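So you can see what is in the structure, the chains are spelled out below.
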Amino acid sequence: MPGFIDLTYGAKEEATTLAFEGVPQGSWDIDNSTIIHPHYSRVQHTIRENYGKMGFCMSCARTPSRMEQTVELRSGIQMPIFGLGTWLAKGKGECLQACQWAINAGYRMIDTAALYKNEEDVGQALQELKLDREDYFIVTKLHWDCHGRENVLREIEIQLKKLGLQYVDLYLMHSPKGGKVVETWNTLLEIKKKGLARAVGVSNFGIDQLNELKKTGVEMPEVNQIELHVWHQQKELCKYLKDEGIAVMGYCPLARVKRFGSTAVLKVAEELKVSEAQVAIRWSVQKGYITIPKSSNKKRIHDNADVFSWSIPAKLMAALDDVDEGFKASGSVNNQDIPWKDVA
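Residues numbered from 1 in each chain as written. Predicted model: local features only at pLDDT ≥ 70, side-chain atom pairs only at ≥ 80, totals over all residues. Heavy atoms only, no water.

Peer 1: Tell me what's going on with the side chain of Glu190, and back it up with residues and numbers.
Peer 2: Summarising the element assignment, Glu190 is placed in helix H5 (residues 181-193). Polar contacts involving the side chain of Glu190 include one to the side chain of Arg149, which spans 2.7 Å. Apart from residues no more than four positions distant in its own chain, Glu190 is found in contact with Arg149 and Leu153. (Helix = DSSP H or I, 4+ residues; strand = E, 2+ residues; numbered from the N terminus. Polar contact = N/O pair within 3.5 Å; in protein donor to acceptor, adjacent residues only side chain to side chain. Contact = heavy atoms within 4.5 Å.)

This is the structure:
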């Protein structure tokens with residue numbers, strides 16, 4: 001058994017020493033003489049004995065990372081509140097690297113889709129890092145071109161093969177715009193019963209569409225993934241989802257940075273001495289919304305996760321609530337408004 005690595009962290013006034021056992025159960029970024037622990041944002045651990053890059057944090061064994069905060073779905077499944085988005089992360093390399101960086105930084109949820117054409121990269125990252133299946137949560141989505149029972153049953157098998165998995169944790173109907181929504185939704189429920197998905201849900205669905213789906217008497221989605229950020233807060237829809245027991249999952253939490261520098265978010269960031277991106281992500285987490293910031297940049301992947309060691313004071317949260325301007329960063333959000341008769 002390898003020896004121990006003694007690391008010192010945090011010492012503004014006094015140092016605290018942790019023992020790390022030299023076994024490959026954790027992952028660390030080493031820069032010169034500094035080791036950055038994915039479970040302690042803003043904390044640098046200085047190497048006192050140079051002994052490899054891998055270690056098991058005895059402190060983390062006692063205190064789980066706050067990055068592992070979860071939202072309980074209606075079925076009782078614990079879904080991570082925070083994960084990596086992979087929209088526009090190119091397959092065959094870029095997405096693979098981003099997933100590896102994210103998992104090594106402590107992320108335990110990855111969101112992908114047939115549309116993104118990078119499911120194979122996600123699967124490769126999981127296989128290479130050799131994580132236990134219960135240690136990560138995978139979300140993928142059905143392409144709207146594949147609605148209808150036969151198409152859905154074929155597509156889920158293709159997607160599972162690409163991911164290298166026997167099941168996904170959450171399978172979403174990506175958009176209502178593919179039509180045959182009732183037939184397609186019933187097939188997603190069938191997929192769940194077969195054990196190919198632990199939970200099923202929808203994406204880009206609005207109140208009217210969900211109400212009409214409910215009228216058919218089916219089990220309702222456990223999750224609705226929608227464009228959601230401080231600049232487009234969708235308050236009415238979020239209240240409806242909460243009342244119906246449907247978890248809110250937001251994509252584009254940074255609004256693709258299109259509103260950075262021009263709203264009160266900048267002032268809040270300056271007051272808290274964090275970035276606008278961190279304020280936007282922390283706002284989502286603090287509201288209890290599942291959020292999946294996308295990045296293929298190693299530093300930003302780490303920075304985006306640095307939102308669990310601090311909180312936004314109530315006064316500033318109120319100021320952020322007033323930032324809501326209905327800004328839509330994506331076109332997909334408009335699918336929420338398609339009339340039911342055109343998608344049923």
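Peer 1: Please provide a residue-by-residue account of the packing of helix H6 (residues 207-215) against helix H7 (residues 235-243), values included.
Peer 2: At a minimum axis distance of 10 Å, the contact between H6 and H7 shows a crossing angle of 25 degrees. With respect to H7, the element H6 is oriented roughly parallel. Where H6 approaches H7, its residues Ile207, Leu210 and Asn211 are matched on the opposing element by Glu236, Leu237, Tyr240 and Leu241. For the contact of H6 with H7, the residue count by class is 5 nonpolar, 1 polar and 1 charged. (Axes fitted to C-alpha atoms, helices over the stretch in contact; angles between N-to-C directions. Parallel < 35°, antiparallel > 145°, perpendicular 65-115°, else oblique. Nonpolar A, V, L, I, M, F, W, Y, C, P; charged D, E, K, R; others polar.)

Peer 1: Outline unusual backbone geometry, supporting the account with residue identities and numerical values.
Peer 2: What you tend to see is this: most non-glycine residues have negative phi, and most peptide bonds are trans. The residue Asn204 is not glycine, and still its phi comes out positive at about 65 degrees. The exposure class of Asn204 is buried, given its relative accessible area of 2%. With phi around 55 degrees, Val257 is a residue other than glycine that occupies positive phi space. Topologically, Val257 is positioned in the loop between strand E15 (247-251) and helix H8 (264-272). (Buried < 20%, exposed > 50% of the residue type's maximum accessible area, 1.4 Å probe, protein only.)

Peer 1: Pulling in residues and values, what's your account of the sheet that holds strand E16 (residues 290-291)?
Peer 2: Overall, parallel pairing links the 8 strands, which are arranged E9-E10-E11-E12-E13-E14-E15-E16 in an open sheet. Of all strands in the sheet, those bounded by a partner on one side alone are strand E9 (84-85) and E16. Along the sheet face, H7 touches strand E14 (223-227) and E15 and points at about 170 degrees away from the line of E14. (Pairing = 2+ DSSP bridges.)

Peer 1: Before we move on, could you go through H7 and cite the residues and values that matter?
Peer 2: When H7 is considered as a whole, its buried residues turn out to be Leu237, Cys238, Tyr240 and Leu241. The buried residues of H7 occupy an angular sector of 160 degrees when projected down its axis, which confines them to one face. Residues of H7 that are exposed and point over 90 degrees away from its buried face: Glu236, Lys239, Lys242 and Asp243. On its buried face, H7 is in contact with H6, E14 and E15. One or two positions beyond H7, positive phi appears at Gly245, with a value near 75 degrees. (Arc of directions from axis to C-beta.)

Peer 1: With reference to specific residues and values, describe helix H3 (residues 119-129).
Peer 2: When we look at burial in H3, the residues that qualify are Glu119, Asp121, Val122, Gly123, Ala125 and Leu126. Against the buried residues of H3 lie helix H2 (94-104), strand E10 (109-111), strand E11 (137-142) and helix H4 (149-163).

Peer 1: Describe the pairing of E11, and please don't skip the residues or the numbers.
Peer 2: When you tally the buried positions in E11, you get 6 out of 6 residues, the bulk of the element. Where E10 meets E11, 3 bridges bridge the pair, whose relative direction is parallel. Across the sheet, residue Met109 finds its bridge partner in E11, namely Phe137. In this view, the connection linking E10 to its parallel neighbour E11 by way of H3 has right-handed handedness. (Right-handed = clockwise from strand over helix to strand, strands pointing away.)

Peer 1: So what about a negative patch on the surface? Which residues, and what values?
Peer 2: Negative charge collects at one region of the surface, where Glu68, Asp132, Glu134 and Asp135 lie side by side. Within the fold, Glu68 resides in the loop between helix H1 (58-62) and strand E7 (70-72). Judged by its relative accessible area of 36%, Glu68 is partly exposed. (Patch = residues over 30% accessible without salt bridge, like charges linked within 9 Å, V, L, I, M, F, W, Y side chains within 5 Å. Areas by Shrake-Rupley, 256 points an atom, 1.4 Å probe, with all protein chains shown as cover. Salt bridge = Lys/Arg side-chain N within 4 Å of Asp/Glu carboxyl O. Lys, Arg positive; Asp, Glu negative; His and termini not counted. Charge placed at Lys NZ, Arg CZ, Asp CG, Glu CD.)

Peer 1: Could you give an account of the packing of aromatic side chains, naming the residues involved and the relevant values?
Peer 2: All told, the structure shown has 5 aromatic pairs when counted by the stated rule. Between Trp231 and Phe260, the aromatic rings sit 5.9 Å apart at their centres with planes inclined by 40 degrees, giving tilted as the arrangement. Of this pair, Trp231 sits in the loop between E14 and H7 while Phe260 sits in the loop between E15 and H8, and the two are 29 residues apart along the sequence. Taking the relative accessible area as the measure of exposure, Trp231 reaches 0% and is therefore buried. Where Trp283 meets Tyr289, the ring centres are 5.8 Å apart and the plane angle is 65 degrees; that geometry is what we call edge-to-face. Both residues of the pair, Trp283 and Tyr289, count as buried. Through a chain of ring-to-ring contacts, three or more aromatic side chains come together here, namely Phe82, Tyr107 and Phe308. (Phe/Tyr/Trp six-rings, centres within 6.5 Å; stacked < 30°, edge-to-face > 60°.)

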